[in-house]
Amino acid sequence: MHIEYIAAKNTASTEDKRVIMEEITWLHFYLLSLMVYWLYTFLDKKQEWIKRIMLLTISTTYQPATDLGYLLHKNPARLQSFTLNFGQAHVFYPEATAERCTAALLLDINTVQLMRERDKGLSLDQYVNDRPYVASSFLSVAIAETFGSALNGHSKERPALVETAIPLQAQIAALPCRGGEEWLRRLFEPLGYQVTITEHLLDEKFTDWGSSSYYTVTLAATCRLSDLLTHLYVLIPVLDDAKHYWIGDDEVEKLLRHGKGWLETHPERNVISYRYLRHKQSLTRDALSRLIVEESPNDDIEETEQIAEADQETTGNAAAVQDETKQSEEERKPNVHEQRLQAAVEVFRQCEARRVLDLGCGEGRLLKLLLQERQIEHMLGLDVSYQALMLAQRRLHLERMPERQRARIELIHGALTYRDKRLEGYDAAAVIEVIEHLDQPRLAAFERVLFEFARPGTVVVTTPNAEYNVKFETLQAGTFRHQDHRFEWSREQFQTWARQIAERHGYTVRFAEVGPSDEEVGALSQMGVFSRVAIPTTLAG
């Protein structure tokens with residue numbers, strides 16, 4: 001080796017010194033890798049001190065498995081270290097064969113130095129805590145810093161593999177979770193992961209002390225690596241329910257960017273947003289108003305009360321949040337979506353409907369309001385999404401509802417473009433912000449399903465008013481309010497479509513505005529109320 005040669009000569013040129021430092025560094029990391037691999041692989045993971053490692057491993061059996069190195073931009077043959085503002089992050093590969101490859105991210109947090117740099121007047125608990133040892137927002141930052149390209153879905157060497165779903169397994173050695181195993185599953189299982197959880201005792205020598213709030217969690221799925229890293233990046237701080245840095249408007253942008261494509265449909269999106277933004281209600285309302293699928297991203301749609309209530313159900317510790325929520329509720333006015341729902345309820349009151357359809361019921365917000373209307377004997381909610389129906393069941397608390405009340409409501413899975421005899425025999429139907437999610441060629445099928453076959457006496461349809469889009473400064477010209485919208489109509493287009501339906505199927509129709517209004521472009525949302533008056537002389541072909 002160069003070290004032996006130089007020692008014998010007792011001389012060292014600049015180049016020789018560089019080589020020496022490289023070999024010493026390589027040797028240091030090699031020994032570190034062997035140590036952690038030995039601990040992780042051979043020792044009993046139930047040993048108390050092994051749990052004190054903040055360690056994340058990601059494994060794959062995709063072949064060749066070493067392509068994981070290309071996705072992570074980390075060579076399996078090298079040991080790498082990164083300096084972060086709270087300590088060191090080390091990336092190494094305990095195993096790297098063509099059949100199986102594992103990448104490990106190990107954090108070494110210098111808590112004392114971190115605390116001393118921030119504040120001179122510290123209490124003892126700032127030094128003595130679990131932060132250096134358990135997965136937290138520190139680990140999320142480390143993922144972004146060390147695996148940033150993989151997190152954002154970039155790979156020059158394997159661009160096609162970036163978009164390929166491959167078998168992946170991630171394990172977090174020590175993950176805090178105040179909500180217990182059930183809360184862990186509620187976060188990860190809707191994303192398609194097979195979740196394996198090992199609960200840790202407070203002290204293995206004193207088992208009667210009970211369980212701790214720490215778990216070893218293994219997630220397995222066939223998915224894109226960028227998706228796995230994104231889910232970990234967002235959900236680890238949510239489980240820890242704390243962040244080590246200041247939360248501001250930029251955190252909303254991070255949440256929206258990394259939550260795009262999955263968070264908007266996650267059944268726990270309210271609590272995820274609330275916890276990720278460190279219980280800041282104004283930021284949470286902002287994030288949810290731009291996130292939730294069925295709404296315009298410019299509407300303030302989610303109640304702070306619902307967010308805090310969901311968090312209380314999860315942790316059982318939200319007394320302070322409730323006080324803040326009551327204050328926010330007093331200051332808050334009904335948002336646009338609530339105005340749409342209230343308008344539909346008022347129509348049903350006026351027509352004295354007893355049996356009501358909610359088509360595209362989503363999470364069951366309208367159904368929850370209709371339960372308060374005593375004259376309504378039965379209501380049926382239909383949606384194409386199983387996930388939405390599960391969330392509606394939770395929102396309505398059907399499992400705890402009295403039997404007589406429970407008999408009033410029914411949730412079914414189905415599509416609005418296929419005839420369904422279960423929809424027949426109802427007095428009224430609501431189609432709230434739904435038709436714009438259908439491809440326009442499918443509107444004819446929707447028309448026949450509802451107006452020709454189901455034929456309720458009254459139908460309420462609402463849809464965005466495209467003319468109002470110019471009022472949104474952040475909405476680019478020619479784009480829709482939501483990525484899932486297939487079209488957005490002007491008032492004239494909507495009224496023309498509605499009048500043609502009414503004429504073909506024996507209905508009259510009147511129009512109303514919902515939400516903020518402008519003299520030139522009209523209201524944010526538009527509503528058509530169809531009333532059946534006669535048997536149609538001609539049917540749609």
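Read on for a plain summary of the structure.

Taken as a whole and assessed by the stated rule, the structure comprises 25 salt bridges. For Arg394, the salt bridge identified is with Glu268, shortest N-O distance 2.8 Å. Taken together, the residues span a long stretch of sequence, with Arg394 in helix H17 (residues 386–396) and Glu268 in the loop between helix H10 (249–259) and helix H11 (269–276) at a distance of 126 residues. Glu268 sits in the buried class, given a relative accessible area of 4%. Taken together, the salt bridges that share partners define one network made up of Glu182, Arg186, Glu268 and Arg394.

The sheet built from 7 strands is open, its strands ordered S10-S9-S8-S11-S12-S14-S13 with mixed pairing. The sheet is open, and its two borders are formed by strand S10 (409–413) and strand S13 (507–518), each paired with just one other strand. Within the sheet, the average angular offset between the axes of one strand and its neighbour, ignoring direction, is 15°. Across 7 bridges, strand S12 (residues 458–464) lies against strand S14 (residues 522–532) in antiparallel orientation. Of the residues in S14, the one forming a bridge with Thr462 is Met527. Across the face of the sheet, H17 comes into contact with strand S9 (378–383) and S10 while running at roughly 165° to S10. Sitting on the sheet, helix H20 (residues 491–505) is in contact with S12, S13 and S14, with an inclination near 160° to S13.

We now examine empty space enclosed by the protein. Evaluation of the coordinates by the stated rule reveals 2 cavities of 30 Å³ or more. Computed from the structure, the second largest cavity encloses a volume of approximately 40 Å³. Lining the second largest cavity, in full, are Leu71, Ala150, Gly153, His154, Val162, Leu225 and Ser226. Considering only residue class, the lining of the second largest cavity consists of 4 nonpolar, 3 polar and no charged.

The next thing to look at is the side chain of His378. Position of His378 relative to the elements: it lies in strand S9. Once you skip the residues sitting within four places of it in the chain, His378 turns out to touch Arg354, Arg355, Val356, Ala407, Arg408, Ile409, Glu410 and Tyr426.

Along strand S3 (residues 87–96), 7 of the 10 residues are buried, which leaves the element largely enclosed by surrounding structure. One ladder, built from 5 bridges, connects strand S2 (residues 80–84) with S3; its direction is antiparallel. Within S3, the position partnered with Leu84 by the bridge is Gly87. Between S2 and S3, which pair antiparallel one after the other, the connecting turn spans 2 residues. In this structure, S3 lies alongside strand S4 (residues 101–109), joined through 8 bridges in antiparallel fashion. If you follow Glu95 over to S4, its bridge partner there is Thr102. Counted between consecutive antiparallel strands, the loop separating S3 from S4 contains 4 residues.

Geometrically, the link from Gln63 to Pro64 is a cis peptide bond, its omega value of 0° lying close to zero. Position of Pro64 among the secondary structure elements: in the loop between strand S1 (54–60) and helix H3 (68–72). Within the chain, His73 stands out as a residue other than glycine whose phi angle is a positive 60°. You can see His73 is positioned in the loop between H3 and S2. Although it is not a glycine, His397 adopts a positive phi angle of roughly 55°. Within the secondary structure, His397 is located in the loop between H17 and helix H18 (403–406).

Moving on to the side chain of Lys74. Along the polypeptide, Lys74 turns up in the loop between H3 and S2. Although Lys74 lies buried, it forms no salt bridge, and the closest oppositely charged side chain, Glu145, sits 9.9 Å away as judged by the N-O distance. Sequence-distant contacts of Lys74, defined by excluding residues within four places in its chain, comprise Gly69, Gln80, Phe82, Val91, Tyr93, Thr146 and Phe147.

Our focus in this paragraph is the environment of Arg408. Assignment of secondary structure puts Arg408 in the loop between H18 and S10. Here Arg408 falls in the buried class, since its relative accessible area comes to 12%. Excluding residues that lie within four positions of it along the chain, Arg408 makes contacts with Leu370, Leu371, Glu373, Ile376, Glu377, His378 and Met379.

Here the focus is the packing of aromatic side chains. Scanning the entire structure with this criterion turns up 9 aromatic pairs. Sitting over the face of the ring of Tyr426, Arg355 holds its NZ or CZ atom 4.3 Å from the ring centroid.

The rules behind these values
Position numbers for residues start from 1 in each chain and track the written sequence from start to end. Local features in this predicted model are restricted to residues whose pLDDT is 70 or higher, and side-chain atom pairs enter the listing and the counts only when it is 80 or higher, whereas totals over whole chains, interfaces and linings include all residues. The basis for the side-chain values is all heavy atoms of the structure; hydrogens and waters are excluded. Take a side-chain nitrogen of Lys or Arg and a carboxyl oxygen of Asp or Glu: if they are within 4 Å of each other, that pair is a salt bridge. Only DSSP runs of H or I covering at least 4 residues are called helices, and only runs of E covering at least 2 are called strands; the numbering of each starts at the N terminus. With a 1.4 Å probe rolled over the protein chains alone, any residue whose accessible area is under 20% of its type maximum counts as buried; one over 50% counts as exposed, and the rest are partly exposed. Think of it this way: DSSP has to see at least two bridges between two strands before they count as a pair. What counts as an axis is a line fitted to C-alpha atoms, over the stretch in contact for a helix, and the angles between N-to-C directions run from 0 to 180 degrees. For this analysis, residues touch if any pair of their heavy atoms sits within 4.5 Å. Method remark: on a 1 Å grid restricted to protein atoms, a set of points is classed as a cavity if a 1.4 Å probe fits but cannot get out and as a pocket if it is open with protein on both sides within 12 Å along at least five of seven lines; lining residues have an atom within 4 Å of a point. Grid points are joined across faces, edges and corners, and a volume is the space filled by probe spheres set on the points. Residue type decides the class: Asp, Glu, Lys and Arg count as charged, Ala, Val, Leu, Ile, Met, Phe, Trp, Tyr, Cys and Pro as nonpolar, and the leftover types, Gly among them, as polar. Just so you know, the count uses Lys and Arg for positive and Asp and Glu for negative, and it drops His and the chain ends. Here a Phe, Tyr or Trp ring, Trp counted by its six-membered ring, pairs with any other such ring whose centre lies within 6.5 Å, and the pair is stacked when the planes are under 30 degrees apart, edge-to-face when over 60, and tilted otherwise. Note on criteria: charge over ring means Lys NZ or Arg CZ within 6 Å of the ring centre, with the direction from the centre no more than 35 degrees off the ring normal.

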